[in-house]
Each structure stands twice: as C-alpha cells, then as structure tokens.
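Tertiary structure, described
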Amino acid sequence: MEKILLEQKDHLAIVTLNRPDSMNAFNWDTLMELEQIVESLRINPDVRVVVFTGAGEKAFSVGADLKERKTLNEQQVRRNVNKIGEVFSAVEALPQPTIAAMNGHAFGGGMELALACDFRIATEKAMMGLTETSLAIIPGAGGTQRLPRLIGESKAMELILTAKRLTAAEAQEWGVVTRTAPQETFWKEVNNLAEAMLANGPVALLQAKYAIKTGMNADLNTGLQIERKAYELTIPTEDRIEALIAFGEKRKPQFKGK
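For clarity, every value in this text was computed on a predicted model and none was experimentally measured.

**Re a nonpolar patch on the surface**
On the surface, a cluster of nonpolar side chains totalling about 270 Å² of accessible area is made up of L66, L135 and I137. Overall, the relative accessible area of 48% leaves L135 in the partly exposed class.

Spelled out as structure tokens, the structure:
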C-alpha cells in the first residue's frame, strides 16, 4: 500500500498521508515518498493549490514513527531528523498556496508539517501540539523556528517547553490554526478556501505568495522591492488582460495561468 496518496482534481492537488493504522506517523519510507511527491508538485504548472491531509478521521499525523525510531541507531536517527526537516522545508517552499487539512490529531512532526503549510484548518475534535520535550527531545523539523514566527516567541516557548496539547479551539485562540470546523462541514471549509484561491489569477497567486514569504524575511524597503518585481511579472500575462476584459463584460474571467 502506498504510504502517500496524490490526487489531482482540476487544479487542486490533495496529498494524503496514508498510514491510518499508525496514526499517519512518518517512517523513513513515508518521508522518501513524500519528498518525491512534493518535488513533482513543485514543477507541475497545472497544480495551483495543494492540500495536505491524513487518511482516516483519527489523525492528521502524530509525527515520527516511534516504533521505527526504537530500532534505529544514532546515525539513522540523525538521518531521519535531517530528512524530515528537508522535506518540510520543501513543503514550505512550494510555490503554490498550501493548506493543512488537519482531519485529526497532529503532534510532533505532524504539527511541524502543518506549520510548514500556509493555512491550517482543523476539525473541532483535533488535538495538537509540539510535544517533543515530553520525549526528552526537541522539535527538529522546523517547529522551534516556524511556531515563534507564527504566534510570537513567548507563546511558542510556553507551548514547546510545556509540551502542551491544545484542543482545536485553543489552537485557534493561540493563532496556531487558521480556522476550525465540525467534522461534518470540515471538508467543505477546506474546499471553500481552496476554491476561493483557485478562482483568482494563477500567476498572481504564485507571485503574491512569493512576495509575502520572501518579503517577511527582509526589511521593509527590500520587501517593497520584492513586491514590485513580483507585480511586474504579472503585467505581461494574458490573464491580466482577460481580467480587464471580463470586468468590462461583467462576467467571471477565464484564467489560463499565462
């Protein structure tokens, strides 16, 4: 059975961690499959939005496969930690907008995958947290860096140092997730967000994300220059002209990503 499933619906790609019996935990083979799929998405011009989720309704992902971890020597543990960090950085670097559809619990590396995505939508029953310190380790796949940038240093330090497990409602209050939804309307919320982005200019989506993500790591003046260059890339596109024509004709534009 494939450990990662990839489904494409028009311009939406859905990546599913497919180890429900192991709460979608990451073993070495899973990481290698995910790495290949993320790379295929990066170079696929037909994919405009990417959703990451987990198989079943219990877990998005509970992180590293601890059963496998117990069988590894120190060198192999270092290998796995390095690889999971690389893969999640590749997720963060995807040019397309990304949504973590947190259909269940997300702990450790599972939470770190969600943090590598642009948006996080969780079911109301989901629990989540960076719980590594309770296992005498620390978040090693970006958690200590991405969470403080998302919610602030003090809040992130409290969550990480106490290994606190948050309910979905608490996670939304802390600013960890974008929104929550009941199980029965969860996928509708995910699809609504994806469709709202897919309705817009494909080149504009990529360039807006690039400007925001790159500009946030620079000073304001540099960020404004990044924004200007990103804007300039949208000017010669056919989609920009189509948007103007559609506006004049009072209809929805038909974007081609060109």
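Here the narrative resumes, following the displayed structure.
**What to know about the nonpolar core**
In terms of nonpolar packing, the biggest core is built from 44 residues, with M102, M128 and V176 touching the most fellow members. Core analysis: the next-biggest nonpolar cluster, separate from the first, contains 13 residues, I14, F186, L193 and M197 among them.

**Describing the pattern of salt bridges**
Applying the stated criterion across every chain, the model contains 13 salt bridges. In this structure, R19 engages D65 in a salt bridge whose closest nitrogen and oxygen atoms are separated by 3.0 Å. Placement of R19 in the loop between β2 (12-17) and α1 (28-42) and of D65 in the loop between β4 (59-61) and α2 (66-69) is noted, with a sequence separation of 46 residues between them. Here the two residues R19 and D65 agree in accessibility, since each one is buried.

**A few points about helix α6 (residues 153-162)**
An α-helix turns once per 3.6 residues; consequently, residues spaced three or four apart project the same way. Where α6 is concerned, the buried positions are A156, L159 and I160. Buried residues of α6 fall within an arc of 90 degrees about the axis and therefore sit on the same side. The exposed set on the far side of α6, more than 90 degrees from its buried face, consists of S154 and L161. Residues of α6 that are buried make contact with α5 (143-151), β9 (166-167) and α7 (168-174).

**Some details on the sheet that holds strand β3 (residues 49-54)**
As summarised here, the arrangement of the 6 strands in space is β1-β2-β3-β5-β7-β10, forming an open sheet in which the pairing is mixed. Pairing within the sheet leaves two strands with one partner each, and these edge strands are β1 (4-9) and β10 (179-181). With strand direction ignored, the average angle separating the axes of adjacent strands in the sheet is 20 degrees. Pairing analysis gives 6 bridges linking β1 to β2, with the strands arranged antiparallel.

**A word on the packing of aromatic side chains**
This structure, assessed with the given rule, holds 2 aromatic pairs. The interplanar angle of 70 degrees and the centroid separation of 5.5 Å between the aromatic rings of F26 and F88 together place this pair among those described as edge-to-face. With F26 in the loop between β2 and α1 and F88 in helix α3 (residues 74-92), the pair connects residues that are 62 residues apart, well separated along the chain. For the pair F26 and F88, a shared accessibility class is recorded, and that class is buried. Relative to W187, the ring of F186 has its centre 5.3 Å away and its plane inclined at 75 degrees; by these criteria the two rings are edge-to-face. Residue class for F186 comes out buried when judged on its relative accessible area of 0%. In this structure, R79 is placed above the aromatic ring of W28, and the distance from its NZ or CZ to the ring centre is 3.9 Å. Sitting above the plane of the F107 ring, R165 keeps its charged end 4.3 Å from the centroid.

**Some points on α3**
Taking 1.5 Å of rise per residue, the 19 residues of α3 would be expected to cover 27 Å, and the 27 Å separating its terminal C-alpha atoms lies within 8% of that figure. Within α3 the residues assigned to the buried category are N80, K83, I84, G85, V87, F88 and V91. On its buried face, α3 is in contact with α1, β3, α2, β5 (98-102), α4 (109-116) and α5.

**Let's talk about unusual backbone geometry**
Leaving glycine out, the prevailing phi sign among residues is negative, and the prevailing peptide bond configuration is trans. Phi is positive for N24, close to 55 degrees, though the residue is something other than glycine. Structurally, N24 is set in the loop between β2 and α1. Judged by relative accessible area, N24 falls into the buried class, the value being 1%. Residues other than glycine seldom take positive phi values, yet K250 does so here, at roughly 55 degrees. Tracing the backbone through its elements, the reader meets K250 in the segment after α11 (238-248). We classify K250 as exposed; its relative accessible area is 81%.

**Quick word on the sheet that holds β4**
The 4 strands lie next to each other as β4-β6-β8-β9, forming an open sheet whose pairing is mixed. Each edge of the open sheet is held by one strand with a lone partner, namely β4 and β9. Bridge count for strand β6 (residues 105-107) against strand β8 (residues 127-129) is 2 bridges, and the pairing is parallel. Bridge pairing in β8 places F107 opposite G129. The sheet contacts of α4 involve β4, β6 and β8, and relative to β6 the element is tilted by about 95 degrees.

Criteria and cut-off values
- Residues numbered from 1 in each chain as written.
- Predicted model: local features only at pLDDT ≥ 70, side-chain atom pairs only at ≥ 80, totals over all residues.
- Heavy atoms only, no water.
- Patch = residues over 30% accessible without salt bridge, like charges linked within 9 Å, V, L, I, M, F, W, Y side chains within 5 Å.
- Areas by Shrake-Rupley, 256 points an atom, 1.4 Å probe, with all protein chains shown as cover.
- Salt bridge = Lys/Arg side-chain N within 4 Å of Asp/Glu carboxyl O.
- Buried < 20%, exposed > 50% of the residue type's maximum accessible area, 1.4 Å probe, protein only.
- Core = buried A, V, L, I, M, F, W, Y, C linked by side-chain atoms within 4.5 Å.
- Helix = DSSP H or I, 4+ residues; strand = E, 2+ residues; numbered from the N terminus.
- Arc of directions from axis to C-beta.
- Contact = heavy atoms within 4.5 Å.
- Pairing = 2+ DSSP bridges.
- Axes fitted to C-alpha atoms, helices over the stretch in contact; angles between N-to-C directions.
- Phe/Tyr/Trp six-rings, centres within 6.5 Å; stacked < 30°, edge-to-face > 60°.
- Lys NZ or Arg CZ within 6 Å of the ring centre and 35° of its normal.
- Expected span 1.5 Å × (residues − 1).

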